[in-house]
Amino acid sequence: MNALERKLRIFVVEDEALIAMLMEDILADLGHAVSAVASHLRQACDIAQTGTFDLAILDVNLDGQPSYPIAKMLRERGIPFAFATGYGGNGLEREFADVPTLAKPYVTEDVQRVIAALVR
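Residues numbered from 1 in each chain as written. Predicted model: local features only at pLDDT ≥ 70, side-chain atom pairs only at ≥ 80, totals over all residues. Heavy atoms only, no water.

Observations regarding the sheet that holds strand β2 (residues 33–38)
Next, step 1: Pairing within the open sheet is parallel, and its five strands lie in the order β2-β1-β3-β6-β7. Strands at the two margins of the open sheet, each flanked by one partner only, are β2 and β7 (101–103). Strand-to-strand twist across the sheet, computed as the mean angle between neighbouring axes with direction ignored, equals 20°.
Next, step 2: Pairing between strand β3 (residues 55–59) and strand β6 (residues 81–85): four bridges, direction parallel. Across the sheet, residue Ile57 finds its bridge partner in β6, namely Ala82.
Next, step 3: Its contacts with the sheet place helix α2 (residues 41–50) against β1 (9–13) and β2, and it is angled at close to 140° to β2.
Next, step 4: Relative to β6, helix α3 (residues 68–77) is tilted by about 165°, and along the sheet it contacts β1, β3 and β6. (Pairing = 2+ DSSP bridges. Helix = DSSP H or I, 4+ residues; strand = E, 2+ residues; numbered from the N terminus. Axes fitted to C-alpha atoms, helices over the stretch in contact; angles between N-to-C directions. Contact = heavy atoms within 4.5 Å.)

Next comes the structure, spelled out in structure tokens:
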């Protein structure tokens, strides 16, 4: 079984409830498990520090606060992650320019592509 065929545990950070539910549905359709969903920066930081998951998908803008502190924690732990944003990847902080980006609105194939990029 290669990395793309195994069931991954995915941490989702998204402040819009409907988008978070869409992501959960897409991940389930792809055969993955959502290990946790966080909608606020503090909550997401707590999970990023101690949670058990294989990768994360982070909304860049959490109710006006950038998710970069979460990204830094994940990077320190060696956990791969992607950003989800409606603004495009060009607006990311320079230190995260190499992070895969999922452009909103996205569909199942987009999520599958970004997960494949993370588990190579």
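There's more to say after this.
Quick notes on the pairing of β6
Next, step 1: Most of β6 is tucked away, with five of its five residues classed as buried.
Next, step 2: Neither face of β6 is exposed, since Phe81, Phe83 and Thr85 on one face and Ala82 and Ala84 on the opposite face are all buried.
Next, step 3: Here β6 pairs with β7 via three bridges, running parallel. Bridging from a neighbouring strand, Phe83 pairs with Thr101 of β7. (Buried < 20%, exposed > 50% of the residue type's maximum accessible area, 1.4 Å probe, protein only.)

Brief notes about the nonpolar core
Next, step 1: With 24 residues, the main nonpolar core has Phe11, Leu58, Ile70, Leu74, Phe81 and Phe83 as its most contacted residues.
Next, step 2: Residue assignment for this core shows that the elements contributing at least two residues are β1, β2, α2, β3, α3 and β6.
Next, step 3: With five residues, the single largest contributor to this core is α3.
Next, step 4: Residues within four places of Phe83 in sequence aside, it is in contact with Leu58, Val60, Ser67, Tyr68, Ala71, Leu92, Phe96, Val99, Pro100, Thr101 and Leu102. (Core = buried A, V, L, I, M, F, W, Y, C linked by side-chain atoms within 4.5 Å.)

Here we look at unusual backbone geometry
Next, step 1: For the bond running from Lys104 to Pro105, omega is -5°, close enough to zero to count as cis.
Next, step 2: Relative to the helices and strands, Pro105 is located in the loop between β7 and α4 (108–118).
Next, step 3: With a phi angle near 50°, Asp63 is a residue other than glycine that sits in the positive phi range.
Next, step 4: Within the secondary structure, Asp63 sits in the loop between β4 (61–62) and β5 (65–66).

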